[in-house]
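The lines below spell out each chain.
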Amino acid sequence: MLRYFFIGFFLFVLLLLSMTGLRGWKSKRPPIELFPDMVRQTKYKAQTESDFYADNRSARQHVVGTIPLGYAMPTSSQENSGKDNDFGPYKNVRFSASGDYVATGRMGNQWGTGIPFEVTAAVMKRGRERYNINCAVCHGATGFGNGIASKYGLNGIANFQQQRLRDMADGEIFNTITWGKNTMLGYGSNIQVPDRWAIICYIRALQRAQRGTLSDVPSSEQAPFSTNSTTPTP
Ligand code: HEC
């Protein structure tokens, strides 16, 4: 009986020594960790160096034009200064929820038509840019409804060259941009009000571009084509 006690005691002392007795020894080898508990992580601590980046800083500068979380959003007076879509009297209308024509496309209880500010080259340019960013993926760069999404299985994309859409009131298109229509989602939370109108201007230009006739060409330029031949001379 006593023998087992001594063997047990010896093993216990051995265990105790192996656990505590080696403390203080220095070793270059990484410690044996049964449960590391994420004590050591492959990460950078704040304000430390890094030889990964050219400027040797582990902290990166924020991307130009972005706002870090927790910082104040720009106020509307900052937002409206010198924007590319400061068109005429509606420069302060961004995501307006007012009941006006400019923010709904409605005149009374029907769709209105007409662009609520002067259409200048800057408006068209902005419209082309916004159209190509937001609409061309589906509706196609020329408005035929054959954008890249149609090649990946999105069916039934509206073709702006159809007579129905040529005749459609500007206000109804505005409403479709804002709220969507059937399978098309709304873009009202992404596209500011002046940009929605600029896009409509550009859609009108796309529609006009596809139904040009010879009479649109100045008569001085018509000569090579007016000889009853439909094949243009190179
Ligand atoms: C993700 C693809 C997609 C994008 C992006 C998209 N549309 Fe559409 N759009 C559709 C589809 C699909 C339809 C057909 C909806 C239906 O009637 O079923 C449609 C229909 C329309 C119609 C016709 C609505 C009607 O009354 O028949 C208009 C106008 C229109 N889109 C304008 C736009 C404009 C302007 C943009 C850019 C701001 C845009 N769409 C962006 C998919 C898209």
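Refer to the preceding data block for the structure.
Residues numbered from 1 in each chain as written. Predicted model: local features only at pLDDT ≥ 70, side-chain atom pairs only at ≥ 80, totals over all residues. Heavy atoms only, no water.

Caption draft 1: Quick peek at the nonpolar core. In terms of nonpolar packing, the biggest core is built from 26 residues, with Tyr131, Trp197 and Ile199 touching the most fellow members. Of all the elements in the fold, those that place two or more residues in this core are helix H3 (101–104), helix H4 (121–134), helix H8 (170–179) and helix H9 (193–209). In terms of residue count, H9 provides more of this core than any other element does, 9 residues in total. Residues in contact with Ile199, not counting those within four places in the same chain, are Gly127, Arg130, Tyr131, Asn134, Cys135, Ile177 and Ile191. (Core = buried A, V, L, I, M, F, W, Y, C linked by side-chain atoms within 4.5 Å. Buried < 20%, exposed > 50% of the residue type's maximum accessible area, 1.4 Å probe, protein only. Helix = DSSP H or I, 4+ residues; strand = E, 2+ residues; numbered from the N terminus. Contact = heavy atoms within 4.5 Å.)

Caption draft 2: Region of the structure containing the pattern of salt bridges. Evaluation of the coordinates by the stated rule reveals 8 salt bridges. With a closest N to O distance of 2.8 Å, Arg204 and Asp170 form a salt bridge. Taken together, the residues Arg204 in helix H9 and Asp170 in helix H8 connect sequence positions 34 residues apart. Of the residues examined, Asp170 reaches a relative accessible area of 8% and is grouped as buried. One salt bridge in this structure joins Lys181 and Glu172, with 4.0 Å as the shortest N-O distance. With relative accessibility at 41%, the residue Lys181 sits in the partly exposed group. Linked by salt bridges that have partners in common, Arg126, Glu129, Arg130 and Asp195 make up one network. (Salt bridge = Lys/Arg side-chain N within 4 Å of Asp/Glu carboxyl O.)

Caption draft 3: Expanded view of the coordination of the iron atom of the ligand. Taken together, His139 (NE2) and Met184 (SD) make up the full set of protein donors to the iron atom of the ligand, lying 2.0 to 2.1 Å away. One way to put it: the 6 donor atoms around the iron atom of the ligand meet at angles of 86 to 178°, and that makes the site octahedral. Linking His139 in helix H5 (residues 136–139) with Met184 in strand S4 (residues 184–185), this pair joins segments that are 45 residues apart in sequence. Using a relative accessible area of 9% as the deciding quantity, one classes His139 as buried. (Donors = N, O, S within 2.8 Å, 3.2 Å for Na, K, Ca; no water. Tetrahedral: all angles 85-135°; square planar, octahedral: opposite > 155°, others 65-115°.)

Caption draft 4: Geometry of the site of the ligand. By nearness alone, 24 residues border the ligand, and Cys135, Cys138, His139, Arg164 and Met184 come closest of all. Contacts to the ligand include Arg164, whose side-chain N or O atom sits 2.8 Å from an oxygen atom. In a pocket analysis with a 2 Å cut-off to the grid points, the ligand is assigned to the largest pocket. When its residues are assigned to classes, the shell around the ligand shows 16 nonpolar, 6 polar and 2 charged. (Near = heavy atom within 4 Å. Polar contact = N/O pair within 3.5 Å; in protein donor to acceptor, adjacent residues only side chain to side chain. 1 Å grid on protein atoms, 1.4 Å probe; cavity = no way out; pocket = protein on both sides within 12 Å on 5 of 7 lines; lining within 4 Å. Sits in = over half its atoms within 2 Å of the grid points. Nonpolar A, V, L, I, M, F, W, Y, C, P; charged D, E, K, R; others polar.)

Caption draft 5: Main features of the packing of H8 against H9. Between H8 and H9, the shortest axis-to-axis distance is 10 Å and the interhelical angle comes to 125°. Considered as vectors, H8 and H9 are oriented oblique to each other. In this structure, H8 crosses over H9, and the sense of that crossing is right-handed. In contact with Asp170, Gly171, Ile173, Phe174, Ile177 and Thr178 of H8, H9 contributes Val193, Arg196, Trp197, Ile199, Ile200, Ile203 and Arg204. For the contact of H8 with H9, the per-class residue count stands at 8 nonpolar, 2 polar and 3 charged. (Axes fitted to C-alpha atoms, helices over the stretch in contact; angles between N-to-C directions. Parallel < 35°, antiparallel > 145°, perpendicular 65-115°, else oblique. Left-handed = near helix turned anticlockwise from the far one by under 90°.)

Caption draft 6: Examining the side chain of Thr178 more closely. Along the chain, Thr178 turns up in helix H8. A polar side-chain atom of Thr178 sits 2.8 Å from the main-chain carbonyl oxygen of Phe174. Among residues more than four places away in sequence, those in contact with Thr178 are Gly186, Tyr187, Gly188 and Arg196.

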